[in-house]
Amino acid sequence: MKAILAADKNWGIGYNNRLLVSIPSDMKFFRQTTTGKVVVMGRKTLESFPNGLPLKNRTNIVLTANPDYDVKDAVIVHSKDELLEELKKYNEDDIYVIGGESVYRMMLPYCDTVLVTKIDRAFQADTHFPNLDEMEEWTLTEESEEQTCFDLEFRFTKYERK
């Protein structure tokens with residue numbers, strides 16, 4: 001299982017249920033990486049998408065505590081145990097955790113790879129991803145050349161569990 005995200009210098013990932021910034025090449029990378037795969041998210045992440053609709057050409061699994069929550073074209077689960085049971089139906093290499101913070105934190109112990117678009121700027125953020133650079137079980141195994149979008153510098157990185 002993998003996680004995929006974009007984070008700022010302080011591992012911030014969002015503010016007011018929105019991404020900190022939209023970088024077209026990061027969006028393209030996310031789309032190319034997750035199309036045809038399984039994406040796991042919390043309800044608020046789903047609701048932050050255009051029209052609150054599941055992502056096209058993917059199996060969308062949404063975790064929510066609300067027993068009445070229902071979304072067309074998404075698999076709804078209500079607990080970590082139910083989520084883990086549902087994920088057994090899929091190839092582990094095809095599963096991507098896509099947010100938000102609580103889902104990332106809950107599922108990180110089950111991930112062996114984390115793809116992070118690291119943005120070289122600090123934004124105002126109210127949600128964060130755990131700082132993998134400070135966790136000894138994770139190692140940075142790949143890092144792209146620095147890229148630029150307008151005045152933002154960023155790199156595509158890959159962390160793997162040791």
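First, a word on what this report is: a plain description of the structure on this page. (Residues numbered from 1 in each chain as written. Predicted model: local features only at pLDDT ≥ 70, side-chain atom pairs only at ≥ 80, totals over all residues. Heavy atoms only, no water.)

### A short note on helix H1 (residues 24–34)
And then number 1: Taken together, the buried positions of H1 are Asp26, Phe30, Thr33 and Thr34. Taken around the axis of H1, the buried residues stretch over an arc of 80°, which confines them to a single face. Pointing more than 90 degrees away from the buried face of H1 are the exposed residues Pro24 and Gln32. (Buried < 20%, exposed > 50% of the residue type's maximum accessible area, 1.4 Å probe, protein only. Helix = DSSP H or I, 4+ residues; strand = E, 2+ residues; numbered from the N terminus. Arc of directions from axis to C-beta.)

### Looking at the nonpolar core
And then number 1: Counting 26 residues, the largest nonpolar core has Leu5, Leu87, Val97, Val114, Phe129 and Leu132 as its most contacted members.
And then number 2: For this core, the elements supplying multiple residues, two or more each, are strand S1 (2–7), strand S4 (38–42), strand S5 (59–63), helix H3 (80–87), strand S7 (95–99), helix H4 (101–107) and strand S8 (113–119).
And then number 3: Sequence-distant contacts of Leu87, that is, excluding residues within four places in its chain, are made with Met1, Val38, Val40, Ile61, Ile95 and Met107. (Core = buried A, V, L, I, M, F, W, Y, C linked by side-chain atoms within 4.5 Å. Contact = heavy atoms within 4.5 Å.)

### Considering the side chain of Asp8
And then number 1: Take Asp8: it is sitting in the loop between S1 and strand S2 (12–15).
And then number 2: For the buried Asp8, no salt bridge is present, and the opposite-charge side chain at shortest range is Arg121, 8.9 Å distant.
And then number 3: A polar side-chain atom of Asp8 sits 2.9 Å from the main-chain amide nitrogen of Asn10.
And then number 4: A distance of 2.8 Å separates a polar atom in the side chain of Asp8 from the backbone nitrogen of Phe123.
And then number 5: Setting aside its immediate chain neighbours within four residues, Asp8 contacts Leu20, Ile119, Arg121, Ala122 and Phe123. (Lys, Arg positive; Asp, Glu negative; His and termini not counted. Salt bridge = Lys/Arg side-chain N within 4 Å of Asp/Glu carboxyl O. Polar contact = N/O pair within 3.5 Å; in protein donor to acceptor, adjacent residues only side chain to side chain.)

### Digging into the pairing of S7
And then number 1: For S7, the tally of buried residues reaches five of five residues, placing the bulk of the element in the interior.
And then number 2: Pairing between S1 and S7: two bridges, direction parallel. Following the sheet pairing, Lys2 is matched in S7 by Tyr96.
And then number 3: Pairing geometry for S4 and S7, over four bridges, is parallel. Bridging across to S7, Val40 finds its partner in Val97. (Pairing = 2+ DSSP bridges.)

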